[in-house]
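# Observations on the three-dimensional arrangement
Here are the chains, one letter per residue:
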Amino acid sequence: MTSLSVVPSGDQQGRRPDAVDRLFDFSLDMLGTASEAGFFTRLNPAWERTLGWTAEELMSKPYIFFVHPDDVDATLEFAAHGVEAGATAVPLENRYRTRDGGYRWIRWVSVLEAGVWYFVARAVTAAKAAQIDSDQDASVLRAILESVADGLYVTDCAGALTFINPAGVRLLGYESADELLGQGPHATFHHMHREGATYGVDDCPLTMVRTSGHPIHVDEDGFCRKDGTAVAVSYSSAPVTLRDGRGSVVAFRDITEQKRRELRTRRELEALSWVGRIRDALEEHRYVLYAQPIVSVATGETIHHELLVWMVSPAGGVIAPGAFLPVAEAHGLIQEIDREVFKMAMVYAGAGHRVAVNLSADSLSEPGLFRYVETQLVANAVDPTLVVFEVTETALIHNEGVAQVFIENVRRLACGVALDDFGTGYGSFRYLKHLPVSMLKIDQEFVQDLEGEASQINRHVIEAIVTLARDMGQKTVAEGVETESTLQIIRELGVDYAQGYHFARPAPADDVYAATKPRERPDAPGSRPEGP
Ligand code: C2E
Ligand code: CA
Ligand code: CA
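To continue, consider the packing of aromatic side chains. Taken as a whole and judged by the stated rule, the model has 25 aromatic pairs. On the numbers, 6.3 Å between centres and 65 degrees between planes, the contact of Trp 47 with Tyr 96 is edge-to-face. Placement of the pair is Trp 47 in helix H3 (residues 46-51) and Tyr 96 in strand E3 (residues 90-97), with a sequence separation of 49 residues. Neither residue differs from the other here; Trp 47 and Tyr 96 are each classed as buried. When the centroid spacing of 5.6 Å and the interplanar angle of 45 degrees are considered together, the rings of Trp 47 and Trp 108 count as tilted. Of this pair, Trp 47 sits in helix H3 while Trp 108 sits in strand E4 (residues 103-113); the two residues are 61 residues apart in sequence, bridging distant segments of the chain. You'll find Trp 47 and Trp 108 in the same group, each marked buried. Through pairs of rings, three or more aromatic residues link up here, namely Phe 40, Trp 47, Tyr 63, Tyr 96, Trp 108 and Phe 119. Taking NZ or CZ as reference, Arg 42 lies 4.2 Å from the ring centre of Phe 24, over its face.

Structure (structure tokens):
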């Protein structure tokens, strides 16, 4: 429509005014004029028939007053831009208030000429109104799809993507939807199981939705990102009926964070259940000591045994310390365990066996420990030179002052003190200067790889420790000696003692000591420190 049939003045156009007026009056369309100032200036009777307002009423207020609030902006914008004379008349649709309080959709075709708007308006039919509503629904739906955090995509009946929302593109690590549209998920992000096996298209749940017509939900699966990394996802899919067959809609979600949370909760629960088991075992005295020999590299003789704590389960099985000691340490139960271990160890020492016991950081920083040790030594009539305490550097840092006093006190009694896992911490050498330690236990880390790649460095580390220990009058122990060739190397490097599976695995102390003569060797561990 390029021009309007509403003619402002019959006189100007040279026609008979009454014919135009009659046309105007009888038109079923709503005709009229409006000023640029925003008022209707002339309206035909069709307005009253459509909206219920008289022409006078409609002309008495700015026309915007009758426009639905949601359409005001669009209407004002339209009016502001105007339509140049002779230009194509532009349609506008908006809702007008009726006299009975409702609204009607009106479709306008108008032009602005010499400061006057001329328009033909028509109430939009029900079908048209429905079309407008459905366009609106579609735009709401599009806004939802674009703004949700979950990935959403639609496939056609061949399984190729026809739509994917921005969140889906992002989750799959692509820059734009175009990279994914037109292809099936198996060509792009669902070709592989998380273990690396390829995913058969036919046994894929995503395919089955289209073939079976049934919706599915998968709690956990993996999609591949563009860069080849996997992302853990859960997804739901439902079939949709399309013009040419059955397609599907798929909603998927990154569950990485959710899985991390679940794992943390599971670990916490596990730890809590271990806390209960550790406490029960303490109450029921269900700990046993395992002993592992520490032998002289030169003679092969056992100089003493390290005692390691194992838990006995209610059913009678034994549990290695690695399974429960970290929990005991984290939940304040290690002091009690260390005391229990020391008490049991003193029974062996009282019978004349040489023992080494471990003390954790918490135990070492407890001021009452030394009194407890003294009491146990006395109660079991133990010769203190038979006892070595193994402490780690971490334990020393924990509460330096208290730890130092403990070490000085037990050394004064002539017990031995071994610095455990030596070389793994930062300040190892610092402690050597300040503490009257009698023995350095070189950590397995340096010993086990003496024949491997890092062997040169490890040999240098061991050499340095041996030299240092000799200067300080301390003995060295290589931990984790598993082979004869390792033993040969540490012998060449001048290490004094060795411990490891090559000689014996830890075994129940009762059995070990039953087969051992008490006071295996008269020298070494607890020998008095030099000087006063
Ligand atoms: P640790 O003090 O360094 O004890 C040596 C660990 O190395 C033991 O592990 C022992 O079984 C293992 N081991 C010995 N020889 C070899 C070998 O040739 N190869 C390898 N791969 N490993 C070897 P275990 O018995 O599992 O004890 C683990 C840790 O638990 C101990 O490390 C110690 O820190 C702690 N622990 C054990 N008993 C007690 C205790 O009564 N109190 C405290 N506070 N800690 C203890
Ligand atoms: Ca140890
Ligand atoms: Ca160790």
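The rest of the description comes next.
Glancing now at the nonpolar core. If you look at the biggest cluster of nonpolar residues, it comprises 73 residues, and the most contacted ones within it are Ile 278, Leu 307, Val 387, Phe 389 and Phe 406. At eight residues, helix H12 (residues 334-350) tops the list of elements feeding residues into this core. The residues contacting Leu 307, other than those within four sequence positions of it, are Leu 289, Tyr 290, Ala 291, Ala 345, Tyr 348, Val 355, Ala 356, Val 357, Asn 358, Ala 509 and Tyr 513. Of all hydrophobic cores here, the second largest spans 23 residues; its members include Leu 51, Val 67, Trp 108 and Ala 121.

As a further point, take the pattern of salt bridges. Per the stated rule, a full pass over the model turns up 16 salt bridges. Here Asp 150 makes a salt bridge to Arg 253, at a shortest N to O gap of 2.9 Å. Of the two residues, Asp 150 sits in the loop between helix H6 (126-147) and strand E6 (151-155) while Arg 253 sits in strand E10 (residues 245-254), which places them 103 residues apart along the sequence. Since its relative accessible area comes to 22%, Asp 150 is described here as partly exposed.

For the rest of this paragraph, the subject is the coordination of the calcium ion (ligand 3). In the first shell of the calcium ion (ligand 3), the protein supplies Asp 420 (OD), Asp 421 (OD), Glu 479 (OE) and Glu 479 (OE), at 2.1 to 2.7 Å from the metal. Here the calcium ion (ligand 3) and the calcium ion (ligand 2) are spaced 4.1 Å apart, with Asp 420 acting as a shared donor. What makes Asp 420 buried here is its relative accessible area of 8%. Under the relative-accessibility criterion, Asp 421 is labelled partly exposed at 27%.

With that settled, consider the coordination of the calcium ion (ligand 2). The protein atoms that coordinate the calcium ion (ligand 2) are Glu 306 (OE), Asn 358 (OD1), Glu 390 (OE) and Asp 420 (OD), at distances spanning 2.1 to 2.3 Å. Along the chain, the residues that donate to the calcium ion (ligand 2) are spaced as E-x51-N-x31-E-x29-D. In this structure Asn 358 comes out as partly exposed when scored by relative accessible area, which is 23%.

Another aspect to go through is the site of ligand 1. Taken together, 22 residues surround ligand 1, and among them Gln 292, Asp 338, Gln 444, Glu 482 and Tyr 501 come closest. Within the side chain of Asp 338, a nitrogen or oxygen atom sits 2.8 Å from a nitrogen atom of ligand 1. Asn 358 is positioned with one of its side-chain polar atoms (N or O) 3.2 Å from an oxygen atom of ligand 1. A total of 800 Å² of accessible area belongs to ligand 1 in isolation, and the protein chains cover 80% of it.

A few words on helix H19 (residues 455-472). Compared with an ideal rise of 1.5 Å per residue, which puts 18 residues at 26 Å, H19 spans 26 Å between its outermost C-alpha atoms and is within 8% of the ideal. Every buried residue of H19 is listed here: Ser 455, Asn 458, Ile 462, Ile 465, Val 466 and Ala 469. End-on view of H19: buried residues confined to an arc of 100 degrees, all on one side of the axis. Exposed side chains of H19 directed beyond 90 degrees from the buried face belong to Ile 457 and Asp 471. The secondary structure elements touched by the buried residues of H19 are strand E16 (416-422), strand E17 (439-442), helix H18 (444-447) and strand E18 (475-478).

Turning our eyes to something else, we now look at unusual backbone geometry. With a phi angle near 50 degrees, His 285 is a residue other than glycine that sits in the positive phi range. Within the secondary structure, His 285 sits in the loop between helix H10 (256-283) and strand E11 (287-296). Given a relative accessible area of 54%, His 285 falls into the exposed group. With a phi angle near 50 degrees, Asp 421 is a residue other than glycine that sits in the positive phi range. Counting through the fold element by element, Asp 421 comes out in strand E16.

The rules we used
- Note on numbering: residues in each chain are counted from 1, in written sequence order.
- Here the convention is simple: chains get letters from A, ligands get numbers from 1, in the order in which they are written.
- Totals for whole chains, interfaces and linings use all residues, but because this is a predicted model, local features are given only for residues with pLDDT of at least 70 and pairs of side-chain atoms are given and counted only at 80 or more.
- Only hydrogens and water are set aside; all other atoms, that is, all heavy atoms of the structure, feed into the side-chain values.
- Working definition: rings of Phe, Tyr and Trp (its six-membered ring) pair if their centres are within 6.5 Å, and the pair is stacked with planes under 30 degrees apart, edge-to-face with planes over 60 apart, and tilted otherwise.
- To qualify as a helix, a DSSP run of H or I must reach at least 4 residues; to qualify as a strand, a run of E must reach at least 2; elements of each kind are numbered from the N terminus.
- For each residue, the accessible area found with a 1.4 Å probe, counting protein chains only, is set against the maximum for its type, and the residue is called buried under 20%, exposed over 50%, and partly exposed in between.
- Only lysine NZ and arginine CZ atoms are considered, and such an atom sits over a ring when it is within 6 Å of the ring centre and within 35 degrees of the ring normal.
- By nonpolar core is meant a set of buried Ala, Val, Leu, Ile, Met, Phe, Trp, Tyr and Cys residues that side-chain atoms within 4.5 Å join together.
- We call two residues in contact when some of their heavy atoms are within 4.5 Å.
- Salt bridge, as applied in this entry: a Lys or Arg side-chain nitrogen positioned within 4 Å of an Asp or Glu carboxyl oxygen.
- Coordinating N, O and S atoms are those within 2.8 Å of the metal (3.2 Å for Na, K and Ca), and as water is not part of the atoms, a site may appear to have fewer donors than expected.
- Any residue with a non-hydrogen atom lying within 4 Å of a molecule or strand is treated as near it.
- Polar contact criterion, stated in full: a pair of N or O atoms within 3.5 Å, where within protein one must be able to donate a hydrogen and the other to accept it, and residues adjacent in sequence count only if both atoms are side-chain atoms.
- Per-residue and other accessible areas follow the Shrake-Rupley method at a 1.4 Å probe size, with only the shown protein chains counted as cover for residues.
- To estimate how far a helix should reach, multiply one less than its number of residues by 1.5 Å.
- This arc is taken over the directions from the axis of the helix to the C-beta atoms.

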